[in-house]
Amino acid sequence: VLGVANLLSGLDFGFDGHRAGAAALSAFALGLPGLYLTLAAPASRMRRLGGAALLGSAALAAQMFSLSSVAQPVGVHWNVGLLLLAWLSSSSAFGWGLRAACLPAPTESSPRRQGVAALLLVAGTLLAHALTMAAAGLPAAATALSDDTIAPATLTMLASMGGSELLLLMLLACAVEMRMR
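Keep in mind that this is a model prediction, so the values were computed, not measured. Residues take numbers from 1 onward in each chain, read along the sequence in its written order. With the structure being a predicted model, the display of local features is reserved for residues of pLDDT at least 70 and the display and counting of side-chain atom pairs for 80 or more, all residues being used for whole-chain, interface and lining totals. Based on all heavy atoms of the structure, the side-chain values leave hydrogens and waters out of the count.

Q: Would you mind going over a nonpolar patch on the surface with me for this structure?
A: Here, patches come from residues exposed beyond 30% relative accessible area and free of salt bridges, joined within 9 Å for like charges and within 5 Å for nonpolar side chains (Val, Leu, Ile, Met, Phe, Trp, Tyr). Using the Shrake-Rupley algorithm and a 1.4 Å probe, accessible areas are obtained, with residue cover drawn only from the displayed protein chains. Here, a salt bridge means any Lys or Arg side-chain nitrogen found within 4 Å of an Asp or Glu carboxyl oxygen. A surface patch of nonpolar side chains, about 450 Å² in accessible area, is lined by Val122, Leu126, Leu166, Leu167 and Met170. Secondary structure elements with two or more residues in the nonpolar patch: α5 (111-135) and α6 (152-180). Helix and strand definitions follow DSSP, with helices as H or I runs of at least four residues and strands as E runs of at least two, each counted in order from the N terminus. The element contributing the most residues to the nonpolar patch is α6, with three residues. Position of leucine 166 among the secondary structure elements: in helix α6.

Q: Help me understand helix α2 (residues 17-39), please; the structure alone is not making it clear to me.
A: Residues lying three or four places apart along an α-helix face the same way, a consequence of the helix completing one turn every 3.6 residues. With 23 residues, α2 extends 32 Å from end C-alpha to end C-alpha; this agrees with the ideal 33 Å at 1.5 Å per step. Most pronounced at glycine 31, the bend in α2 amounts to some 25 degrees, and the proline proline 33 follows within four residues. By this rule, a helix spans an expected 1.5 Å times one less than how many residues it contains. At every residue, the bend is computed as the angle between two fitted axes, covering the seven residues ending there and the seven beginning there respectively.

Q: Please explain the side chain of threonine 132 as it appears in this structure.
A: Structurally, threonine 132 is set in helix α5. N or O atoms within 3.5 Å of each other form a polar contact, as long as, within protein, one can give a hydrogen and the other can take it, and as long as residues adjacent in sequence are counted only when both atoms are side-chain atoms. Within the structure, the side chain of threonine 132 is placed 2.7 Å from the backbone oxygen of alanine 128, a separation counted as a polar contact. Whether two residues are in contact is decided by their heavy atoms: any pair within 4.5 Å suffices. Leave out the neighbours within four places in its chain, and threonine 132 touches Leu60, Gln63, Met64, Leu67, Trp78, Leu83 and Ala86.

Dropping the structure here:
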């Protein structure tokens, strides 16, 4: 994608591979213990809160490293208050979403409960992403640098279709898993 952007616009696009790798490594290093604390039995309230905090930290660290790998030549000046709000949003989303999905109940988890959990996770993660972008000082709506690039409305439509497709595939995988049980 970056190569096509270079060819079409003539501008120098790129990212720092080390920071992009650090984004993946931080998400894995913080996310794996977070999932373990959240989902392992016995699930006490403190373990779930700690797991949600680690999952929120994993999401925020991955977003920060990803943004700094792209904006590295420009330099990013982070707003700490917005970063704390992003972490709180992400951690709350993971905590409440996983609680809604994994809460012990007399019946099996229903599609309604899984839908509520997915909505909580998506809303909190999107809010955290928007807050992280604002904390980095990046504009909410970017303008096209060249007439040869894809229009923002088209790119938004393609991204939302891809996100919806991914969510539907995950829902299908959950339905298949429940059938196999």
